[in-house]
Amino acid sequence: MTNIQKPADADCAIRFAQVRKTYGDFTVLKDIDASVARGEVVVVCGPSGSGKSTLIRTVNRLEEIDSGAILVEGQDIHAQMRSRRLNSLRSRIGFVFQNFNLFPHLSALDNVALSPIRIKGMARSEAYDKALELISRVGLRDKAHCYPSQLSGGQQQRVAIARALAMEPPVMLFDEPTSALDPEMVGEVLSVMKSLAAEGMTMMCVTHEMGFAREVADQIWFVDAGEVIEQASPEQFFTQPQHARAKRFLADLRH
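To start, this report covers the structure provided alongside it. Residue positions are given per chain, counted from 1 along the sequence in the order it is written. Predicted model: local features are reported for residues with pLDDT of at least 70 only, side-chain atom pairs are reported and counted for 80 or more only, and whole-chain, interface and lining totals are derived from all residues. Only hydrogens and water are set aside when side-chain values are computed; all heavy atoms of the structure are taken into account.

## Observations concerning the overall build of the chain
- Secondary structure is summarised from DSSP: a helix means a run of H or I of at least four residues, a strand means a run of E of at least two, and numbering begins at the N terminus for each. Tallying secondary structure elements over the chain gives nine helices and ten strands in all.
- At 18 Å, the chain has a C-alpha radius of gyration in line with the 18 Å of a compact globule built from 255 residues.
- In terms of overall dimensions, the chain has C-alpha extents of about 55 × 45 × 35 Å along its principal axes.
- Exposed residues in this analysis have more than 50% of their type's maximum accessible area, buried residues have under 20%, and partly exposed residues fall in between, with area computed by a 1.4 Å probe over protein chains only. Among the 255 residues that make up the chain, the fraction classed as buried is 53%.
- Look at the contacts in the chain between residues 6 or more apart in sequence, and 66% of them connect residues 24 or more apart.
- Taken as a whole, the chain presents about 11,900 Å² of accessible surface, with 45% of it coming from carbon and sulfur.
- Counting 29 positive and 31 negative side-chain charges, the chain places the centres of these two groups 4 Å from one another. For this measure, only C-alpha atoms enter the radius of gyration; the expected value for a globule follows 2.2 Å times N^0.38, where N is the number of residues. Pairs of residues are marked as contacts when any of their non-hydrogen atoms sit within 4.5 Å. Residue-level accessible areas treat just the shown protein chains as cover; the underlying method is Shrake-Rupley with a 1.4 Å probe. Only four residue types enter the tally: Lys and Arg on the positive side, Asp and Glu on the negative side; His and the chain ends are excluded. Taken as the charge location is NZ of Lys, CZ of Arg, CG of Asp or CD of Glu.

Here it is in structure tokens:
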């Protein structure tokens, strides 16, 4: 594995410590030990079925782990806790799904304003002002009152990003956010993600968009068979991958 210096605890946004996850007799994650520094963009890549999405879903406990620990902003996400406290912790971790997961009966504006009102107890007027600001930030002010069915896939995903940002999370997770989109819509979503990275948002992204990875990532984590077998800068990963499986993965992409 390429040597990447671990951030000091004070600078660490996400810390995986010997994380193991199994489904029956099948081990999905094998003693993952890695860190994401505050303000860093980490792109997780690897072949299908390698454990990438499972890894990112453990960060907000959509997937439970069998052993080890995951710290987000110093808090152990998988420690025993009441459901209310778990929901509070999850609200501090923005998550953007592959298939948008918007509420179909709510407008774009309502989707973005809902969590600040329900979870943070924000006044409705403040929540809707903020929601409109975020909808505008992702380039959809003219679509604020449209329902998901009236939006393209790329527009729905941008609303989903705005919804995640509404909770003012210190960390954003993206689980293959463009894989369900038509090719012409991919760029509009990546553009929003690039702007977040430029603003210093801590981001962990599972994606097959290697152009985005090369341009925006601070670290590339290459995952195969449940292990992070290579951690490197984009420059090193794309020009001098160390592991044979990483070399094969990149060769397959080029072909």
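## So, the packing of helix α4 (residues 124–137) against helix α5 (residues 153–165)
- Angular values range over 0 to 180 degrees, each being the angle between N-to-C directions of two axes fitted as lines to C-alpha atoms, with helices fitted over their stretch in contact. Two elements in contact, α4 and α5, have axes whose closest approach is 9 Å; the angle formed by their N-to-C orientations is 135°. When the axes of α4 and α5 are compared, the pair comes out oblique. Of the two possible hands of crossing, α4 and α5 adopt the one that is right-handed. Between α4 and α5, the contacting residues are L134, I135 and R137 on the first element and V159, A162 and L165 on the second.
- Following the grouping adopted for this structure description, the nonpolar residues are Ala, Val, Leu, Ile, Met, Phe, Trp, Tyr, Cys and Pro, the charged ones are Asp, Glu, Lys and Arg, and the polar ones are all others, Gly among them. In the contact of α4 with α5, the residues fall into five nonpolar, no polar and one charged. Oblique is the label for any angle not covered by the other classes, which are roughly parallel (under 35 degrees), roughly antiparallel (over 145) and roughly perpendicular (65 to 115). By convention, the crossing between two helices is left-handed when the near helix turns anticlockwise from the far helix through less than a right angle, and right-handed when the turn is clockwise.

## Structural notes on helix α9 (residues 244–254)
- Considered for burial, the residues of α9 that qualify are A246, F249 and L250. Along α9, the residues classed as buried sweep out an arc of 95° about the axis, all on the same side. Of the residues in α9, the exposed ones pointing more than 90 degrees away from the buried face are A244 and D252.
- Contacts made by the buried residues of α9 are with β3 (41–45), α7 (210–216), β9 (219–224), β10 (227–232) and α8 (234–239). Directions drawn from the helix axis to the C-beta atoms are what define this arc.

## Let's talk about the sheet that holds strand β5 (residues 75–76)
- By the convention used here, strands pair only if DSSP detects at least 2 bridges between them. Read from one edge to the other, the open sheet built from four strands follows the order β2-β1-β4-β5, with strand pairing classed as antiparallel. The open sheet has two edge strands with one neighbour each: β2 (26–37) and β5.
- With eight bridges joining them, strand β1 (residues 12–23) and β2 adopt antiparallel strand pairing. Residue pairing in the sheet places F16 in a bridge with A34 of β2.

## Here we look at the side chain of Q219
- Position of Q219 among the secondary structure elements: in strand β9.
- The buried category is assigned to Q219, whose relative accessible area is 3%.
- Counting of polar contacts relies on pairs of N or O atoms within 3.5 Å, with two restrictions inside protein: one atom must be capable of donating a hydrogen and the other of accepting it, and residues adjacent in sequence are counted only when both atoms are side-chain atoms. Here the side chain of Q219 touches E40 through a polar contact of 3.2 Å, side chain to side chain.
- A polar atom in the side chain of Q219 sits 2.9 Å from the side chain of W221.

## What about the sheet that holds strand β8 (residues 202–206)?
- Taking strand neighbours across the sheet as the criterion, the six strands line up as β6-β7-β8-β3-β9-β10 in an open arrangement whose pairing is mixed. Only two strands of the sheet have a single neighbouring strand rather than two, namely β6 (93–96) and β10. Between one strand axis and the next, the sheet turns by 20° as a mean value, whatever way the strands run.
- Of the pairings in the sheet, the one linking β3 to β9 comprises four bridges and is parallel in character. From the neighbouring strand, V43 faces β9, where its bridge partner is I220.
- Contacting β6 and β7 (171–175), α5 runs over the sheet at an angle of about 170° to β6.
- Contacts from helix α6 (residues 183–198) reach β3, β7 and β8, with the element oriented near 145° to β8.

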